[in-house]
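For reference, the chains in residue letters:
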Amino acid sequence: AQSVTQPDIHITVSEGASLELRCNYSYGATPYLFWYVQSPGQGLQLLLKYFSGDTLVQGIKGFEAEFKRSQSSFNLRKPSVHWSDAAEYFCAVGVENNAGNMLTFGGGTRLMVKP
Amino acid sequence: DAGVTQSPTHLIKTRGQQVTLRCSPKSGHDTVSWYQQALGQGPQFIFQYYEEEERQRGNFPDRFSGHQFPNYSSELNVNALLLGDSALYLCASSQIRQGYEQYFGPGTRLTVT
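Note that this is a predicted model, so its numbers are computed, not measured.

Asker: Where do I start with the packing of aromatic side chains in this structure?
Answerer: What characterises a pair of aromatic rings is the spacing of the ring centres plus the angle enclosed by the ring planes. Evaluation of the coordinates by the stated rule reveals 18 aromatic pairs over all chains. Ring pairing ties together the aromatic residues Y32(A), F34(A), Y36(A), F51(A), F90(A), F105(A), Y35(B), F45(B), Y100(B) and F104(B), which thus form one cluster. Stacked on the ring of Y103(B), the Lys or Arg K26(B) has its end atom at 5.4 Å from the ring centre.

Asker: Which parts of the structure should I look at to understand the state of the cysteines?
Answerer: Two cysteines form a disulfide when their sulfur atoms are joined by a covalent bond. Residues and elements named next belong to chain B. Under the counting rule described, the total for this entry stands at two disulfides over all chains. A sulfur-sulfur distance of 1.8 Å marks the disulfide that ties C23 to C91. Every disulfide takes its handedness from the sign of the S-S torsion; for C23 and C91 that torsion is -60 degrees, giving left-handed. With a gap of 68 residues between them, C23 in strand β3 (residues 19–24) and C91 in strand β9 (residues 87–94) connect regions that are remote in the sequence. The pair C23 / C91 is uniform in exposure class, with both members buried.

Asker: For this particular structure, what's the right way to read the pairing of strand β8 (residues 64–68) of chain A?
Answerer: When a strand is regular, its side chains alternate between the sheet's two faces. All names here are of chain A. Strand direction decides the pairing type here: strand β7 (residues 56–58) and β8, joined by three bridges, are antiparallel. The partner of Q58 across the bridge, within β8, is E64. In textbook terms, the turn of a hairpin is the stretch between consecutive antiparallel strands, and for β7 and β8 this stretch comprises five residues, one of which, K61, has a positive phi near 60 degrees. Pairing geometry for β8 and strand β9 (residues 73–78), over five bridges, is antiparallel. Directly across from E66, in β9, lies its bridge partner N75. Counted along the chain from β8 to the antiparallel partner β9, the turn is four residues long, and its residue S72 has a positive phi close to 50 degrees.

Asker: Just checking my understanding: could you explain the environment of V57(A) for this structure?
Answerer: Residues and elements named next belong to chain A. With respect to the secondary-structure elements, V57 resides in strand β7. Between the C-alpha atoms of V57 and L76, which are 19 residues apart in sequence, the distance is 9.6 Å. Beyond its immediate sequence surroundings of up to four residues, V57 is in contact with L48, K49, Y50, F63, E64, A65 and F74.

Asker: Quick question: what am I supposed to make of the side chain of E101(B) here?
Answerer: Checked against the element boundaries, E101(B) lands in the loop between β9 and β10 (103–104). Classification of E101(B) by relative accessible area gives buried; the value is 16%. Of the polar contacts made by the side chain of E101(B), one reaches the side chain of K49(A); its length is 3.3 Å. Non-local contacts of E101(B), meaning those with residues more than four positions away in its chain, are made with K49(A), S93(B) and S94(B).

Asker: Which parts of the structure should I look at to understand the interface of chain B and chain A?
Answerer: Interfaces are often sized by the amount of accessible area the parts lose when they come together. The interface of chain B with chain A comprises 19 residues on the first partner and 24 residues on the second. For the pairing of chain B and chain A, the buried interface totals around 1,700 Å² over both sides, and the portion due to carbon and sulfur atoms is 54%. Residue E101(B) pairs with K49(A) through a salt bridge whose shortest N-O separation is 3.3 Å. Our count for the chain B to chain A interface comes out at five residue pairs in polar contact (both at pLDDT 80 or more). Counting only elements with at least two residues in the side of chain B that touches chain A, the list comes to β4 (31–37), β5 (44–50), β6 (53–57) and β9 of chain B.

Cut-off values and rules
Residues numbered from 1 in each chain as written. Chains lettered and ligands numbered in written order. Predicted model: local features only at pLDDT ≥ 70, side-chain atom pairs only at ≥ 80, totals over all residues. Heavy atoms only, no water. Phe/Tyr/Trp six-rings, centres within 6.5 Å; stacked < 30°, edge-to-face > 60°. Lys NZ or Arg CZ within 6 Å of the ring centre and 35° of its normal. Disulfide = S-S within 2.5 Å. Helix = DSSP H or I, 4+ residues; strand = E, 2+ residues; numbered from the N terminus. Buried < 20%, exposed > 50% of the residue type's maximum accessible area, 1.4 Å probe, protein only. Pairing = 2+ DSSP bridges. Contact = heavy atoms within 4.5 Å. Polar contact = N/O pair within 3.5 Å; in protein donor to acceptor, adjacent residues only side chain to side chain. Buried area = accessible area lost by both parts, 1.4 Å probe. Salt bridge = Lys/Arg side-chain N within 4 Å of Asp/Glu carboxyl O.

Given below as structure tokens:
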């Protein structure tokens with residue numbers, strides 16, 4: 001079965017600094033990969049997705065992620081963090097099968113932004 | 001265009017009771033998935049409905065059941081509530097041909113006392 005690991009539970013960065021959130025997955029074939037953001041008391045918003053093709057994907061709010069098959073990673077990056085980026089970030093993997101489209105999520109990384 | 005809506009927003013129940021949560025998918029979507037998010041954890045897949053049938057199920061007991069209506073809206077039912085069922089329940093909708101493009105609702109916060 002597939003699994004997702006987000007090694008960093010909490011990360012604090014200064015506003016304007018760069019950001020990288022780590023995500024590692026376990027799955028035998030090429031998975032579908034996603035990053036979601038969740039603000040307090042709200043649902044999940046899709047930031048970006050990778051299905052195939054170019055391994056560097058661009059998302060909303062200035063985020064990007066790079067799929068590295070050799071490292072089973074899909075790390076999220078942003079060159080300059082804004083205070084409004086403070087939230088919880090979840091990496092997820094989807095596995096294609098005829099039965100359904102379930103997503104498996106990591107435990108999340110809480111991002112705090114210092115002024 | 002309304003996104004995914006869920007009701008109620010919050011709910012408090014007592015152990016042993018039953019609860020029903022509701023979800024209306026985004027316009028044009030025909031598939032609904034339910035996830036449970038315990039405090040401090042990532043969402044866990046409960047099940048997915050398409051064409052009014054359960055299409056896939058995660059590792060949840062039979063106390064968790066669901067239904068999808070002809071208008072694609074869905075209900076999640078939980079019987080014999082346990083304290084451990086306290087969580088945020090998220091509904092996500094998608095189109096069957098783009099099943100992984102799942103749009104999430106704001107969730108229902110269930111507290112079991």
